[in-house]
Amino acid sequence: MELLPRSPRDFGSAAYWERFFRQRGQRPFEWYGALPELRAVLRRYVRPRDKVLVVGCGNSELSEQMYDAGLCEDIVNIDVSEAVVRQMQERSASRRPGMSYLLMDALQMDFPDALFQVALDKGTLDAILADEEEATLAKADRMFAEISRVLQVGGRYLCVSLAQAHVLRKAVEFFSQEGWVVRVHQVPASESKQQFVLPIFVYVMTKFKKVPGSAPQILEICPEDQDKPTRMQSVELLLEAVRDRQHYALLRSQLSKTSGTEQLSLDLCSSQSGSPRYTLHVVDSPSMKASRDNHFAIFIIPQGRETEWLFGTEEGRRQLAASAGFRRLVAVALHREQHYEGMAGIQAELSGKVMELAPPGLPAGQQVPFLSVGGDIGVRTVQHRDTSPLSGEYVVEDVKGDDKCYFRRLIFLSNRNVVQSEARLLAPAPLPGQKKRRKDKRKPGSIEPPLAIDKSYLCCEHHKAMVAGLCLLESTDPLPAPLSVLVVGLGGGSLPLFLHDYFSRAHVAVVEIDPSMLEVATRWFGFSQGDRMQVHISNGLDYVAKLAAEAQYDAIMFDVDSKDLTVGMSCPPPAFVERPFLQKVKTILKPEGVFVLNLVCRDAQLKESVLATLREVFPLLYARCIDGEVNEILFCQPGPQVLRQPTELLARARALETALRQPGRPWDSSYILTDMLQAVKIL
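Note that this is a predicted model, so its numbers are computed, not measured. (Residues numbered from 1 in each chain as written. Predicted model: local features only at pLDDT ≥ 70, side-chain atom pairs only at ≥ 80, totals over all residues. Heavy atoms only, no water.)

Asker: Talk me through the nonpolar core; I want residue IDs and the actual numbers.
Answerer: Of all hydrophobic cores here, the largest spans 43 residues; its most connected members are Leu53, Ile78, Phe111, Leu125, Met143, Tyr157 and Tyr203. Sorting elements by how many residues they give to this core places helix H7 (residues 165–177) first, with six residues. With sequence-adjacent residues up to four places away left out, Phe111 is seen in contact with Leu53, Val76, Ile78, Leu102, Met104, Phe116, Arg149 and Val150. Counting residues in hydrophobic clusters, the runner-up holds 34 residues, among them Val510, Met533, Val535 and Val594. (Core = buried A, V, L, I, M, F, W, Y, C linked by side-chain atoms within 4.5 Å. Buried < 20%, exposed > 50% of the residue type's maximum accessible area, 1.4 Å probe, protein only. Helix = DSSP H or I, 4+ residues; strand = E, 2+ residues; numbered from the N terminus. Contact = heavy atoms within 4.5 Å.)

Pasting the structure below:
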């Protein structure tokens, strides 16, 4: 027996529905659920004494259920199918005197104006708008105009729908332009029979008198887990909010049926602001042997540590899941714009939502553990937030690392998972006679005021490798020797500061295109200029071009990010590795000098092209990959130096390190030049 249309267009055909109900007979056809799923929304907008019109009633039991439950006493049902109208008249005539069924087209109704307080549509609009052809859209306009005509001012049009984008847009744009208040409810999934993977929505359009001129549109959404609506500023934002909920339902359905190797990520947003509050990464380990206690766990990434390799990369999260020993791990990142009430508060807030992401086969009543590093949610304090015309919005924040040390970071919010600059903070020393504060007296989430930036410590591994590249210079043997260094890209200033402090006869010139970064480095990262340290606010391309007349630098270092995130290379900008510019770099480098480049390139083909160009310009090329990061440090020399083998490089690194470790000068034990050169390869 054929009950499904041959094409979606058949849904809008009266002949199709006549044939459908003749074949189906007396069995009710519940299009998008019945009263148990819709009761909460209907009770909110339908009063017992309202006169209710049901358009396209079919043989659904919804009208009868509403009548029998006392939700309303006067219901008029219309449909284009003579067969179904006759069926429903026979079913309700003697039992429900306040119910009537009429053969009538919703596109051309016979009712007088302003007869009804409520018009209810369960799937009829979706059936009519089966496509976006002009004739179909005209049908929807006629239906909307008729509903508007027969509703009183203050009346409500309730439309139950799957909210396909073109259907929702058509309804919202029509009624909002007429001055109606538009509110979209999501039907709670927990109460639904889940006939559809996509969630069910109810559009509630409330009729107001149209005000001459351009009255502001009132557009709202009510998510499934809250009664209070959230105001949306545009039709596009409302459609986006609905689309996000549909995508989440699809993801939830997918995760409930299968486990896979592909990681899925989604944002959970604050109902007040609409901005992301949590980012969830679902990591499956299907090869792990199952036991009763290792099905599912939630891991809270400590605040400020979401950029670390273990938490910020797919491979790192796979390792995290494997070490935690769970077949499905949901890694949760916390956002800096949000406030959290400790682990208990997060657990209370997330428990219901994350259970919707539980894997198939999770035993009933299974306790799902919430895990973290050290059992806390970390510490993050935003010290400064501003916007630069060149770099966009950025923050300076202090975070607690895994070794209980505190770090200051510069983050560009256009690429919020990348730390642009980082410095370790020195803990404040107690004043004479002052007792050391006990740990348990400290407020949770607080940071002690730091004494200063630890300038002896390079946080970034790629900075350590760049400094180690100076082992290639003849002038560093013996040390100290006069050095002239050009650094393109200031950031927080950690790299030029280290060069200035540890190479006592070095003169460092820094080129930075963004004056805001000089202010940030000076105010927040302990950077300062002097006789041996000068910053030039300029485009690095232009600065190098102006200097191209004569060689003058022992070392040139490029650590400059690209503002164009569409390119597969985030450092440096592509123009910095084009052959004509690299030739200019070579001309301002001494013959025995070294050009050090921080390369961050995820596009394998583009990376090979960059390396080929570098080989054409510089005869000697060494590379050092940074473990756990995309960064690769390239050491380029113009010749005619003798090619140094790895053993010789290590010997020179030990000599340089010994010279740098002078009495009275702090030296962090984790900073080992030889480590940086252990894995250098010759290209």
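Asker: So, the sheet that holds strand E6 (residues 181–186): which residues are in play, and what are the values?
Answerer: Read across the sheet, nine strands follow the order E3-E2-E1-E4-E5-E7-E6-E8-E9 without closing on themselves; strand pairing throughout is mixed. Strands at the two margins of the open sheet, each flanked by one partner only, are strand E3 (99–103) and strand E9 (230–232). Averaged over all pairs of adjacent strands, the angle between their axes in this sheet comes to 20°, without regard to strand direction. Where strand E8 (residues 219–222) lies against E9, three bridges are found, and the strand directions are antiparallel. Paired with Ile221 across the strands is Thr230, a residue of E9. In the packing of helix H4 (residues 82–92) onto the sheet, contacts are made with strand E2 (74–79) and E3, and the angle to E3 comes to roughly 160°. The strands touched by H7 are strand E5 (151–161), E6, strand E7 (201–206) and E8; relative to E7, the strand with the most contacts, the crossing angle is about 15°. (Pairing = 2+ DSSP bridges. Axes fitted to C-alpha atoms, helices over the stretch in contact; angles between N-to-C directions.)

Asker: A description of the side chain of Ser148 should follow, citing residues and the corresponding values.
Answerer: Mapped onto the elements, Ser148 comes out in helix H6 (residues 134–150). Once residues within four sequence positions are removed from consideration, Ser148 is found in contact with Trp180 and Lys207.

Asker: So what about the pairing of strand E16 (residues 392–400)? Which residues, and what values?
Answerer: For E16, the tally of buried residues reaches seven of nine residues, placing the bulk of the element in the interior. Pairing of strand E15 (residues 380–388) with E16, which is carried by eight bridges, proceeds in the antiparallel orientation. Its bridge partner lying in E16, Thr387 is registered against Glu393. Hairpin geometry of E15 and E16 is characterised by an intervening segment of three residues between the two adjacent antiparallel strands.

Asker: Kindly report on the side chain of Gln263, identifying the contributing residues and their values.
Answerer: Along the chain, Gln263 falls in the loop between helix H8 (235–257) and strand E10 (264–269). There is a polar contact of 2.7 Å between the side chain of Gln263 and the backbone oxygen of Glu314. Separated by 3.0 Å, the side chains of Gln263 and Arg317 make a polar contact. Every residue in contact with Gln263, bar those within four places of it in the chain, is listed here: Val282, Val283, Glu314, Arg317 and Arg318. (Polar contact = N/O pair within 3.5 Å; in protein donor to acceptor, adjacent residues only side chain to side chain.)

Asker: Quick one: what's the story with the packing of aromatic side chains, residue by residue and with numbers?
Answerer: Overall, the coordinates contain 15 aromatic pairs when judged by the stated rule. Relative to Tyr502, the ring of Phe498 has its centre 4.4 Å away and its plane inclined at 20°; by these criteria the two rings are stacked. On the criterion of helical spacing, the pair formed by Phe498 and Tyr502 is a turn pair, its members being four residues apart in helix H13 (residues 494–502). Seen in terms of ring centroids, Phe558 and Phe576 are 5.5 Å apart; in terms of plane orientation they differ by 85°. Their pairing is edge-to-face. With Phe558 in strand E23 (residues 553–558) and Phe576 in the loop between strand E24 (569–571) and helix H16 (579–587), the pair connects residues that are 18 residues apart, well separated along the chain. Grouping residues by exposure puts Phe558 and Phe576 together as buried. (Phe/Tyr/Trp six-rings, centres within 6.5 Å; stacked < 30°, edge-to-face > 60°.)

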